[in-house]
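Each chain is listed here by its residues.
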Amino acid sequence: MTTTALNENTPVNPNEPVSRLQREFQAGHFVVSGEIGPPKGTSIEKCLHEAEEYLKHTVVAVNVTDIQTAVMRTGSMAISHMLVDRGIEPIFQMVTRDRNRLALQSDLLSAWCLGIRNVLALTGDHVAMGDHADAKPVFDLDSVGLLRAMTTLENGSDMGLDAKGNANVLEGSPKFFKGCCVTPCADEVEPQILKLQMKVAAGAQYVQTQAVYEPAAFEKFMTEIRKRGINVPVLVGIVQLKTAGMGKYMNTSVPGVKVPDWILKKLTDASKEDRQKISIDICGQLVREMKDMCQGAHLMTLGWDHCVPDIIKAAGL
Amino acid sequence: MIVADRKPMEEILAMLAPYKRVLVLACGGCVTVCVSGGEKQADLLASQLKLAAAAAGRADVQFDVDCITRQCDREFAAMLKKPLDQYDAVLSIACGVGVGFMSELAPQATVLPGLNTTSYDASTAKGVWQEYCGGCGDCLLAETGGICPIVRCSKGLTNGTCGGTKTGKCEVSKDMDCGWYLIFKKLQAAGKLELYTKVRPAKKWSKDRNGKGARRLTHKELMETEEFSK
Ligand code: SF4
């Protein structure tokens, strides 16, 4: 077994980067991250293969989704750890839907022991959206609460109290690079910005956005958050659209995502053989148009991981 | 008020299938107001059950109807026309409190629920009841413009809207308001948005029913009454 960092000590310097992702941001490089989704079942070879083949040498870190859209599947921590073993830096996505504060904190400690350093705190889709609609949703903490929990663990205690009412002291504490999410093109963006402020106050050190297809709206959002003193690095979210139908679906069903007509038209006009190339070009163009507004791009290729190298090329990175 | 909704007829028929003498017991409290478990509904339900039993070849099943002011209060039990244990089964169409309390008061009786109890609601329009309170035992309404995030937000979040909000509606259903959007609008209108951005400490779920088991309220000055009821 190649478990890493079991006995690693917490860095003394609070600004010392704990991960490659954090180091790249600090160095001022434009960062690209990717994403894989664990399968429903134990056949994990494909997702690990795609990460090794298409992401390992092209992106800085790879998000591993956590029971995404409340559809039951293999866990994010196991796959994140397997990426560590393969020399790929994971971003461990963690939702608060399925675990209470005991399990969340315990899993955070476990993740650190398994060599995981980047954690993306998410609330998670409601169970009603997934394939186990009768499950009991937990949401003991929300994304803000999870960020605070991480900060608390980093400071050497947990959220509980001992018999005398004092904070419990940890035997060894973790140190994460803590991320959060935001929807920059929400129909009403103010509540999103306020929530982002809360997340940063709770300890978020970088932001990964929901899919963005409108550079002008994104620019406005970035100007606004910087004006309010939110200065953490932002990775703009790019979801690769495979068909015009997928774009239309996102417009009607995915909150805070608006796919403009020029993109839908390009995908509609493309012949079946050209569609993948057009789809790559669209992602490349979006990154090109937005790369000066932010610190990186988060590519969500939804199973088309083989397109990542070409998207990066199309983006001129 | 407590709101409850009648169980599907098939479920009630299946529950009552083994019994010959059945009492349909209405309650004059909340369930009368939300038109689910009052005397009128009991009369109607008893006639429906009689017809259904006859259609199933069980015309001999007897369905009586009774109603007391509140099934959740010992003093009104004296209003019962007949002791509950003289029936094979009592179908209570009170909320779950009534079902449980009637069952406790009549140890020999079989008391069955005719309703599914759902929530603490306000009557927001004629024929409409909307959940307003989660009964969590640790009220947050002072900070949320009087809008309960525990029940008006599908996820019961305590720190602002999630990413699922769309045109003021919740990700769970486009027919349901996003509770945190309502809170945002209310605090914005009241000039109190600083309450929205206040990072709240993790909620004390120990005060909720899941925290330390069944909760109990006692008023010391009224303990005599409490003693009488136990
Ligand atoms: S959309 Fe609004 S009501 Fe629905 S879960 Fe998110 S914050 Fe709560």
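Residues numbered from 1 in each chain as written. Chains lettered and ligands numbered in written order. Predicted model: local features only at pLDDT ≥ 70, side-chain atom pairs only at ≥ 80, totals over all residues.

With that out of the way, let us pick up the overall build of chain B. Secondary structure assignment for chain B yields nine helices and nine strands. For chain B, the C-alpha atoms occupy an extent of roughly 65 × 45 × 30 Å along the three principal directions. Taken across its 230 residues, chain B has 37% of its residues classed as buried. If you take every contact in chain B between residues at least 6 apart in sequence, the share linking residues at least 24 apart comes to 53%. (Helix = DSSP H or I, 4+ residues; strand = E, 2+ residues; numbered from the N terminus. Buried ≥ 20, exposed ≤ 12 C-beta atoms within 10 Å, placed from the backbone. Contact = placed C-beta atoms within 7 Å.)

Across its full length, chain A carries 11 helices and 10 strands. On C-alpha atoms alone, chain A measures out to a radius of gyration of 19 Å, which is about the 20 Å that the 2.2 N^0.38 rule sets for 317 residues. The principal-axis extent of the C-alpha atoms belonging to chain A is close to 70 × 45 × 45 Å. Going through the 317 residues of chain A one by one, you find that 48% of them count as buried. Looking at chain A alone, contacts between residues at least 24 apart form 78% of all its contacts between residues at least 6 apart. (Rg over C-alpha atoms; globule rule 2.2 N^0.38 Å.)

Moving on, we get to the domain arrangement of chain B. Partitioning chain B into structural domains gives domain 1 (2-119) and domain 2 (134-198). Computed from C-alpha atoms alone, the centre-to-centre distance between domain 1 of chain B and domain 2 of chain B is 37 Å. (Domains from an automatic or database assignment.)

Moving on, we come to the site of the ligand. What surrounds the ligand is a group of 15 residues, the closest being B:Cys153, B:Cys162, B:Gly164, B:Cys170 and B:Cys178. Its residues assigned to classes, the shell around the ligand shows seven nonpolar, six polar and two charged. (Near = placed C-beta within 6 Å. Nonpolar A, V, L, I, M, F, W, Y, C, P; charged D, E, K, R; others polar.)

Residues and elements named next belong to chain A. One can describe the packing of helix α8 (residues 244-253) onto helix α9 (residues 261-269) by two numbers: an axis separation of 8 Å at closest approach and a directional angle of 150 degrees. On the basis of the axis angle, α8 is roughly antiparallel to α9. Listed contacts from α9 to Ala244, Gly247 and Lys248 of α8 are Ile263, Leu264, Leu267 and Thr268. Of the residues that constitute the contact of α8 with α9, the class distribution is four nonpolar, two polar and one charged. (Axes fitted to C-alpha atoms, helices over the stretch in contact; angles between N-to-C directions. Parallel < 35°, antiparallel > 145°, perpendicular 65-115°, else oblique.)

Chain B puts 24 residues into the contact, and the matching count from chain A is 27 residues. Looking at the side of chain B that touches chain A element by element, the count peaks at three residues for helix α6 (residues 179-189) of chain B.

On to the sheet that holds strand β4 (residues 89-92) of chain B. Residue and element names in this part refer to chain B. Across the sheet, which stays open at both edges, the four strands sit in the order β3-β2-β4-β5 with parallel pairing between neighbours. Of all strands in the sheet, those bounded by a partner on one side alone are β3 (62-68) and β5 (111-113). Sheet twist, expressed as the mean angle between neighbouring strand axes with direction ignored, is 30 degrees. With four bridges connecting them, strand β2 (residues 21-27) and β4 associate as parallel partners. (Pairing = 2+ DSSP bridges.)

Let us now look at the nonpolar core. A:Val62, A:Val119, A:Val236 and A:Ile238 are the most contacted members of the largest nonpolar core, which totals 106 residues. Setting aside chain neighbours within four positions, we find A:Val119 in contact with A:Phe92, A:Met94, A:Leu108, A:Ala111, A:Met150, A:Phe176, A:Lys178 and A:Gly179. With 37 residues, the next largest nonpolar core counts B:Leu25, B:Leu84, B:Tyr87 and B:Cys95 among its residues. (Core = buried A, V, L, I, M, F, W, Y, C linked by C-beta atoms within 7 Å.)

Here the focus is the environment of B:Glu75. When you line up the elements, B:Glu75 lands in the loop between β3 and β4. Between the C-alpha atoms of B:Glu75 and B:Leu193, which are 118 residues apart in sequence, the distance is 48 Å.

Summarising the model, chain A shows a mean pLDDT of 95, and 96% of its residues fall at 70 or more. This model gives residues 1-10 of chain A a pLDDT under 50, and the stretch forms nine contacts once residues within four places in sequence are excluded. (pLDDT = per-residue confidence, 0-100.)

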